[in-house]
Every structure is written in structure tokens, then in C-alpha cells.
There are 2 protein chains.
Amino acid sequence: MWISELARRGDVPVATVKFYLREGLLPPGEATGATRAHYDESHVRRLRLVRALVEVAGLRLDRVRAVLEAVDDESRPLHSVLGAAHTRLSVDDATVPVPDDARRRVSRLVRRWGWRVGRDSAHRDALARSLASLIELGASPTDELLDLYASGLHRAAEREVASVAGGDPATATERAVVGTLLLEPALLAIRRMAQEDVSARTLRRR
Amino acid sequence: MWISELARRGDVPVATVKFYLREGLLPPGEATGATRAHYDESHVRRLRLVRALVEVAGLRLDRVRAVLEAVDDESRPLHSVLGAAHTRLSVDDATVPVPDDARRRVSRLVRRWGWRVGRDSAHRDALARSLASLIELGASPTDELLDLYASGLHRAAEREVASVAGGDPATATERAVVGTLLLEPALLAIRRMAQEDVSARTLRRR
């Protein structure tokens with residue numbers, strides 16, 4: 001297909017497709033002349049992925065690029081690619097050091113559940129940084145609440161990882177990244193609906 | 001305290017405090033001369049909240065302002081203020097229409113659980129938009145997975161809302177907003193750790 005058809009299928013303007021091509025987020029098409037190129041279904045798929053990462057997950061272009069690099073690296077085993085993709089997503093711009101007490105709380109959570117989470121996993125820092133802010137603002141969550149998240153999310157993770165690993169290996173990483181990133185807004189929206197319901201039931205009359 | 005002390009307590013440069021004052025994110029101090037003003041503990045608290053909303057929750061300044069307006073509006077009952085704060089957070093920049101089939105899936109989820117979620121709640125659109133992207137990318141989550149999220153997050157929401165409503169009414173909204181927003185990165189970090197654990201157990205040898 002030509003670029004105009006690719007743009008239509010991906011539901012973005014042609015200018016956006018050209019921009020993604022220039023930025024290396026889309027692989028070039030097959031050249032059929034000095035200024036024309038031909039695209040296939042793999043381009044449609046990649047274009048939709050880029051659009052979703054930008055529009056739904058709200059990633060900046062440099063993050064999108066890092067995610068795509070992890071997805072495209074076929075030399076690594078799935079667990080390692082997943083870890084790399086996740087880690088690049090979690091890498092924080094904040095240069096603020098993470099307080100030790102928050103970091104220790106994360107370690108205790110990991111130990112309580114016996115999770116295999118790398119010592120230098122970026123997710124530990126992400127959680128510690130968030131806890132440190134909550135503690136500073138006097139809104140520290142209880143261990144009971146953290147454990148409630150941990151048990152529910154681990155049960156969900158078993159489903160999520162199984163659904164990724166079960167299918168076609170070539171697209172496993174792509175599905176994993178999509179599942180991680182694009183399910184996040186869904187998860188947060190469900191959480192807010194649950195809060196709206198509880199709030200409606202318990203606070204409406206105050 | 002003077003502005004230098006306020007900046008130190010909030011762990012930001014003086015220039016940042018001045019910027020927040022100029023932008024109306026911090027209320028002015030008590031003027032003690034043509035160019036000097038005096039600040040109190042309420043300023044420290046507000047400064048830390050703004051910093052957390054910007055640095056940890058990653059909100060843009062216009063979103064921070066909208067959240068603070070909801071927090072500061074004392075004329076409304078708690079449920080309504082919470083709803084307003086949440087809605088302003090969920091308002092999406094995307095002008096893309098939400099597909100009907102995704103919206104119907106959200107309605108079915110809400111009906112299955114009997115949740116009291118407003119017909120025009122912004123969270124419905126947020127969830128529908130995320131589901132529509134997943135469907136388009138061939139990674140639609142099963143109803144079983146959505147129900148797993150719903151049950152776990154509703155149980156957590158009962159704790160979350162109770163902890164907000166139980167304390168000092170004057171700071172209830174602030175705590176609710178902080179709890180919603182700053183717990184989100186924590187929740188997502190715990191989810192990624194759970195996925196890392198499941199992936200380590202099941203995929204490492206592939």
C-alpha cells in the first residue's frame with residue numbers, strides 16, 4: 001500500500017506517518033522510485049502500536065523509541081527482553097535520591113511475598129520514590145493496603161504473563177509491552193470507578 | 001519563615017517557589033515589607049503537595065492547578081469534590097471519539113459489579129479508550145482479567161475511601177487527591193514487580 005493508505009489504516013495524518021518514519025519509529029517501506037515507497041501489514045501494526053504508546057500510554061518519543069528497541073531485539077530470551085522493556089519504561093527522570101527507609105519498606109514487601117524481583121530492578125526505586133512522597137505528605141499507605149494490591153496484582157500478573165507467553169513467540173514481546181503499558185490506563189480507570197462507587201455509597205450524604 | 005526556609009523545607013530551589021507563587025499554585029505569604037513576605041506551615045504543606053503532583057504524579061501545571069482548585073473548594077460535599085478532582089484528572093486531551101463497542105464493554109463491567117458510576121463519568125471514557133486501543137492491537141483483555149482487577153481494586157477502594165473519610169475533614173480532599181494520584185505510581189510499580197516475579201518463575205528458561 002502507499003503512504004496515504006497506511007495513514008488511513010493507522011488513523012493518523014500522512015504528515016504524522018512521515019514524522020514517525022523520519023524519527024525511525026517506523027521502518028522504511030520498500031522503495032519503488034525516487035520518492036515513493038510501498039508498505040505492508042507490518043507497518044500498519046507498528047504504526048498502531050506507536051500511536052497507542054503516544055496517545056493512550058502518553059509516552060514521550062524517546063521512551064517510545066526505547067520500548068520499540070526492546071521489542072525488536074530478537075537475540076534475547078523473553079524474560080530478559082520483558083525486563084529490559086519494563087526497566088526502560090520505569091527509568092525515572094528524577095535525580096532525587098530515594099530515601100533508605102522507603103527503600104527498606106519495598107524490600108520488606110518483596111520479602112513478605114517471596115517475589116523474585118532483582119536487587120537493582122527499577123521498579124523498586126519507582127515504588128520507593130512514590131512511598132517516600134506519600135510519607136512526606138502524611139499519607140503513608142498501610143502495609144495491609146500494599147499487601148491487598150500485591151495479592152490482587154500478582155493473581156492478575158499470572159493471567160497476563162500466561163496470555164503473553166502462550167501465543168506466537170515473534171509477537172510475544174510486543175503483546176507484553178502493549179499489555180503492560182496500555183492496560184495501565186485501564187487499570188487506573190477501573191480503580192477510579194471503584195473509588196467513585198465506594199464514595200457514592202459512603203460519602204454522598206456528608 | 002522566609003522564602004529561603006520555605007524552599008529548604010520543601011526541598012526545591014527558591015526560584016521554583018517564586019515560580020509557583022507567580023503561577024498561583026502557592027498562596028502568597030503575609031507581606032512584611034515591599035519585597036519580603038512571611039510563610040507558615042500551610043505553605044510548606046502546599047509546596048510539598050505541588051512538588052509531589054509535578055514530580056511523582058508527573059502532572060502538567062494546568063492539571064496541578066485544576067486539582068488544587070478542587071481541593072480548595074470548601075463549599076462542596078466530600079463526594080462531589082472527590083468526583084470533581086477525579087474528573088479533572090481524567091479529562092483527556094484526546095479528541096478521538098470513543099468507539100461504541102468499547103463503551104458498551106465498560107457498561108457491562110459496571111453492571112456486572114453493580115457499581116454506582118455516573119453515566120457521564122470521565123472514567124468510563126478513559127477505560128473505553130484504553131480498551132479500544134487494546135482491541136485494535138489484538139490484545140483485548142478477557143472479561144475474567146477485568147473482573148480480577150475490579151474485585152481487587154474495589155476491596156482496596158473501600159480501605160482507601162475509609163482512610164480519607166475518617167480523619168480531619170479540612171484535609172480530607174487533599175488526602176483523597178494525594179491518595180489517588182500518588183498511589184497510582186505505587187500501584188503500577190507493584191504490578192510490574194508482580195509481573196517480574198511471574199516472568200522470572202515461568203519464562204526465564206525460554
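That block above? That's the structure.
Numbers given for residues are sequential positions, taken from 1 along each chain in its written order. Each chain gets a letter, beginning with A, and each ligand a number, beginning with 1, in the order they are written. Local features in this predicted model are restricted to residues whose pLDDT is 70 or higher, and side-chain atom pairs enter the listing and the counts only when it is 80 or higher, whereas totals over whole chains, interfaces and linings include all residues. Values reported for side chains reflect all heavy atoms of the structure, with hydrogen atoms and water molecules removed beforehand.

1. Some words on the interface of chain B and chain A
Working rule for contacts: check all heavy atoms of both residues, and any pair within 4.5 Å makes them a contact. Tallying the contact residues gives 79 residues for chain B and 79 residues for chain A. As a working definition, buried area equals the accessible area (1.4 Å probe) given up by two parts on being put together, with both sides summed. Around 8,100 Å² of area is buried between chain B and chain A when both sides are counted, 66% of it from carbon and sulfur atoms. By convention in these notes, a salt bridge is any Lys or Arg side-chain nitrogen within 4 Å of a carboxyl oxygen on Asp or Glu. Our count for the contact surface shared by chain B and chain A stands at eight salt bridges. Between Arg159 of chain B and Glu144 of chain A there is a salt bridge whose closest N-O contact spans 2.8 Å. Secondary structure elements with two or more residues in the side of chain B that touches chain A: α3 (41–55), α5 (78–90), α6 (100–113), α7 (122–136), α8 (143–166) and α9 (172–202) of chain B. The helix and strand labels rest on DSSP assignments: H or I over at least four residues marks a helix, E over at least two residues marks a strand, and numbering proceeds from the N terminus. For the side of chain B that touches chain A, the element with the highest residue contribution is α9 of chain B, accounting for 25 residues.

2. Things to note about the nonpolar core
Throughout this description, the term nonpolar core refers to a set of buried Ala, Val, Leu, Ile, Met, Phe, Trp, Tyr and Cys residues connected via side-chain atoms within 4.5 Å. Burial classes follow relative accessibility: with a 1.4 Å probe on protein chains only, a residue under 20% of its type's maximum area counts as buried, one over 50% as exposed, and anything between as partly exposed. Counting residues in each nonpolar core, the largest one holds 120 residues, and the members touching the most others are Ile190 of chain A together with Ile190 of chain B. If sequence neighbours within four positions are ignored, Ile190 of chain A has contacts with Leu109, Trp115, Leu127, Leu146, Tyr149, Ala150 and Leu153 of chain B.

3. What about a positive patch on the surface?
All names here are of chain A. A surface patch of positive charge is lined by Arg104, Arg108, Arg111 and Arg119. Considering the arrangement of structural elements, one finds Arg111 in helix α6 (residues 100–113). On the basis of relative accessibility, which here comes to 62%, the residue Arg111 falls in the exposed class. Patches in this entry comprise residues that are over 30% relatively accessible and not in a salt bridge; like charges within 9 Å are linked, as are nonpolar side chains (Val, Leu, Ile, Met, Phe, Trp, Tyr) within 5 Å. Residue burial considers only the protein chains on display, and all accessible areas are found by Shrake-Rupley using a 1.4 Å probe. Neither His nor the chain ends is counted toward charge; the positive residues are Lys and Arg and the negative residues Asp and Glu. Charge positions are represented by NZ for Lys, CZ for Arg, CG for Asp and CD for Glu.

4. Some remarks on the relation of the copies chain B and chain A
Least-squares superposition aligns the copies on the C-alpha atoms of those residues with pLDDT at or above 70 in both. Expressed as a screw operation, the relation of chain B to chain A combines 0.0 Å of axial shift with a rotation of 180°, fitting to an RMSD of 0.0 Å. The operation mapping one copy onto its partner corresponds to a two-fold rotation axis. Residues of chain B ranked by C-alpha distance from the rotation axis are headed by Gly152 of chain B, positioned 2.6 Å from it. Comparing contact sets, 100% of the residues at the interface of chain B also lie at the interface in chain A, consistent with an isologous, same-surface contact.

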